[in-house]
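# Structure assessment
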Amino acid sequence: MKILTKLNAQQRNAVEYNAGPHIVVAGAGSGKTRVLTYKIAYLIQEGLEPESILALTFTNKAAREMKERIRELIGKKADSLWMGTFHSIFARILRIEATAINYNSNFSIYDREDSVSLVSNILQYLSINLENVTANSIQHKISNFKNHMITPEEYSNNIASTIAEKKIGEVYIEYNKRLRENNSMDFDDLLLKPIELFNNNVRILQKYKKMFKYILVDEYQDTNNAQYEIVKILSPVKDKLCVVGDDAQSIYGWRGANIRNMLDFEKDFSKAKIFRLEQNYRSTKNILLAADSIIKKNTEQIAKTLWTENPEGEEITLVKCSDEKDEAFQIAKKIKKEISTKKLSLNDIAILYRTNAQSRALEDAFRREKIPYKIVGGVEFYRRKEVKDVLAYLRVLSNQDDEESLLRIMNFPQRGIGNTSITKMIAFSRKLNLSLFKTMARVFEVIEVKERIQKNVKQFRILLDKYIDLQSKLSIGELTSALVDELGILRMYKEENSQDSASRYDNIHELLASIQEFNKEFPEATLEQYLAEVSLVAGIDQYDESKNSITLMTVHSAKGLEFPVVFITGCEEDIFPLNPRFDSDSKIEEERRLFYVAITRAMKKVFISFARSRYRFGEVAYQNKSRFIDELNPNSVEEVIDGSNRKSGRRRKGDFDEYYQESYDDYDQEKRSFRVGSRVSHDIFGNGKVLAITGNGDTQRITISFEDTGTKQLLVKFANLKLL
DNA sequence: CCGTGAATCCTTTTT
DNA sequence: GGATTCACGG
Ligand SMILES: Nc1ncnc2c1ncn2[C@@H]1O[C@H](COP(=O)(O)OP(=O)(O)OP(=O)(O)O)[C@@H](O)[C@H]1O
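Before going further, it helps to spend a moment on the overall build of chain A. In terms of helices and strands, chain A carries 30 helices and 23 strands. Per-residue burial for chain A yields a buried fraction of 54% across its 724 residues. Taking the contacts inside chain A whose residues are at least 6 apart along the sequence as the reference set, 73% of them involve residues at least 24 apart. Accessible surface for chain A amounts to roughly 33,300 Å². Of this, 49% is attributable to carbon and sulfur atoms.

Before going further, it helps to spend a moment on the site of the ligand. What surrounds the ligand is a group of 18 residues, the closest being Lys32, Thr33, Gln249, Arg282 and Glu562. Between the ligand and Gln11, the relevant distance is 2.8 Å, taken from a nitrogen atom to a side-chain nitrogen or oxygen of the residue. Residue Arg34 places a main-chain N or O atom 3.0 Å away from an oxygen atom belonging to the ligand. Starting from 630 Å² of accessible surface for the ligand in isolation, the protein chains cover 81%. Of all the elements, helix 2 (residues 32–45) adds the most residues to the shell around the ligand, at three residues. Across the shell around the ligand, the residue classes break down as three nonpolar, nine polar and six charged.

Their axes nearest at 9 Å, the elements helix 9 (residues 189–200) and helix 11 (residues 225–234) cross at an angle of 30°. Comparing the axis directions of helix 9 and helix 11 gives the class roughly parallel. Crossing angle aside, the handedness with which helix 9 passes helix 11 is left-handed. On helix 11, the residues that touch Leu191, Leu192, Pro194, Ile195, Phe198 and Asn199 of helix 9 are Ala226, Gln227, Glu229, Ile230, Ile233 and Leu234. Of the residues contributing to the contact of helix 9 with helix 11, the split by class is nine nonpolar, two polar and one charged.

With respect to spatial proximity, 29 residues lie near DNA strand B, and among them Arg354, Asn356, Gly418, Ala538 and Leu578 are the closest. Between a base oxygen of DNA strand B and a side-chain N or O atom of His87, the distance comes to 2.9 Å. Ser557 is positioned with one of its side-chain polar atoms (N or O) 3.3 Å from a phosphate oxygen of DNA strand B. Where the surface near DNA strand B is concerned, the elements lending two or more residues are helix 19 (419–431) and helix 26 (555–558). Top element by residues in the surface near DNA strand B is helix 19. It accounts for three residues.

Attention now goes to the sheet that holds strand 8 (residues 273–277). Across the sheet, six strands lie side by side as 3-2-6-7-1-8; this open sheet has parallel pairing. The sheet is open, and its two borders are formed by strand 3 (82–85) and strand 8, each paired with just one other strand. For this sheet, the mean angle separating the axes of adjacent strands, direction not counted, is 15°. Both strand 2 (residues 53–57) and strand 3 contribute to a ladder of four bridges, which runs parallel. Bridging from a neighbouring strand, Thr57 pairs with Thr85 of strand 3. Relative to strand 8, helix 1 (residues 9–16) is tilted by about 150°, and along the sheet it contacts strand 1 (22–26) and strand 8. Running over the sheet, helix 2 touches strand 1, strand 2, strand 3, strand 6 (214–217), strand 7 (241–245) and strand 8 and is turned about 165° from strand 6.

Attention shifts here to the domain arrangement of chain A. As far as domains go, chain A holds domain 1 (9–99 + 191–279), domain 2 (108–182), domain 3 (316–379 + 543–639), domain 4 (381–536) and domain 5 (678–723). Computed from C-alpha coordinates alone, the two centres of domain 1 and domain 4 are separated by 38 Å.

Calculation rules
Residues numbered from 1 in each chain as written. Chains lettered and ligands numbered in written order. Predicted model: local features only at pLDDT ≥ 70, side-chain atom pairs only at ≥ 80, totals over all residues. Heavy atoms only, no water. Helix = DSSP H or I, 4+ residues; strand = E, 2+ residues; numbered from the N terminus. Buried < 20%, exposed > 50% of the residue type's maximum accessible area, 1.4 Å probe, protein only. Contact = heavy atoms within 4.5 Å. Areas by Shrake-Rupley, 256 points an atom, 1.4 Å probe, with all protein chains shown as cover. Near = heavy atom within 4 Å. Polar contact = N/O pair within 3.5 Å; in protein donor to acceptor, adjacent residues only side chain to side chain. Nonpolar A, V, L, I, M, F, W, Y, C, P; charged D, E, K, R; others polar. Axes fitted to C-alpha atoms, helices over the stretch in contact; angles between N-to-C directions. Parallel < 35°, antiparallel > 145°, perpendicular 65-115°, else oblique. Left-handed = near helix turned anticlockwise from the far one by under 90°. Pairing = 2+ DSSP bridges. Domains from an automatic or database assignment.

Next comes the structure, spelled out in structure tokens:
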């Protein structure tokens, strides 16, 4: 079998196994994805129909690439595989079966922003105004409930205890009700509704169980309870199920991912077989040594062996910086040096960070130093305001019940329908139990709305009707161009003539081009299909490898990727690991896994940078080097050459605190008494060590790690601290 | 009633 | 630093 020759013995065993449920548990770079890819090719070659294979990946990009690899191995048959993310595959199935769960097949998919705006409208509608509770935080909570499969009723009746929680329960109930009324689903529904669908419709379940003769799941360590449930319900008659994952790379716990799915696989699927892969093909010995020294510090994990035939390789270089600008500049310098001395291409280099906000300083430096870069994630194209505005039009044309989208465009571009009028129309529509869209046609009955504005509404409704009608006559590309043209959106941005509006102008052009392109690829595609596609694109899906440039992204986005050279930036307490102050063990362990993921993206060389101070939330914060740096095996790390003029010149890593301390006074003459590293005492919390000081004057805050009570942030003004 | 500039809040990671 | 809310002038 030709396919199997590209695999080592352990990989081959996993690929050939066919007797029941099995799981491949293995460390980074050991070829888990490769096993899955080859297994699918192998199955097809052995005569299984590609239509009967369901393969679930974490990102659309991963699916696309896997499909491409399979096509290289076995040809066009790969095209009829069911391959995609959980979200996109089940959105597809939900559209087919929508009526069974009382939805229409043209339902809209709400992203986080849409959901927040819906929550915000509900808060107003129910006149709920809670201290310290924002629409944002409630949306967050609701998503969390859904990820843990807690229904609104369950939450309200059994979990909510405080008054605030009861109120949140009310919002949750109303939120789900509105989604249904809007013929819309949020991201989480795309995983919950299939469960509802299959549990309540045996015939539909049987249909899909019969259809999917083999199910394969990549990145199984990051599946949540709902995804587990889906796999469990659908798992084929003879348990032809293969999942692969690495518990040490589980980094989406905050989103409901449950490592237990992985740890309990043997219990959950009877006669499950475990396969292990132990040879790493990606990284140097040094990088594996460093990665291992990190992950060893976690208590909860499946023990794994990982070895490589690759050379020892270079040690990790620590880059000590004074602030985020210095960091960016030093990295730019290192990049140029790497490229010139090792004849690397820009594409070989990735810059990773913990939070998107960190990209700013890096971008500035790369622009100045003329290093071409591409950036993954951040504010994604399809989430930009101007793009979402146009998409909202398309969503209304496709689904008139989508009230959130309708509200978004009601007065965009400005047509003199203000908030007051909209509120009146909404009140009218609630009273008569009509959709807002239907109310628009009867706006003359809404007597509270001024006559002049009634006319505006009516005219707007006529415009929408016209395009709803045109849908069947024009291609989606033509339709959108005509609409954008009639709305005068491009003209509007052109006339505004600011830098901001110029980029909006470009983005609308780009959107139109992307629609045309989609149209060319799928000439028969409907508006719904286009919208479904764009609602589910992630930042990483738009990653364009053909452009010759370095890549900037979060560590989360880098999952599953590999680069010859990796820079891990901002390795400071409070950034990476982020927010250790509210910490539980499980959270710090997830941060540590994230750091492990970061290191293991590298094939040949890792740089780790950290800064003494950093501009954050509008003020300068003094930073401490990340605990993860100290956890690295010293043998895997190069001695630090200190840039400053010191007598000793050469210094070992680990003396950063001292270095820090000396220069600290330069920054803050007044507040000498407390400095990072100082030991202090507090009347209630006891003794502790200062981790960070931010801000000035009355708002100056101090972060202290107390011996007994953990890390706390206090206002210096009130803390009444004594220096020890 | 609408649009604009100032004030205020919040501030992870993402399918 | 960015988004959203608030107050005021048109
Ligand atoms: N048998 C093999 N022979 C040669 N190269 C291999 C082999 N197996 C895997 N590789 C290579 O090793 C690298 C890592 O493989 P892959 O991405 O499948 O690992 P993974 O276990 O999924 O990694 P991660 O856990 O980081 O996602 C890839 O470049 C792949 O081509």
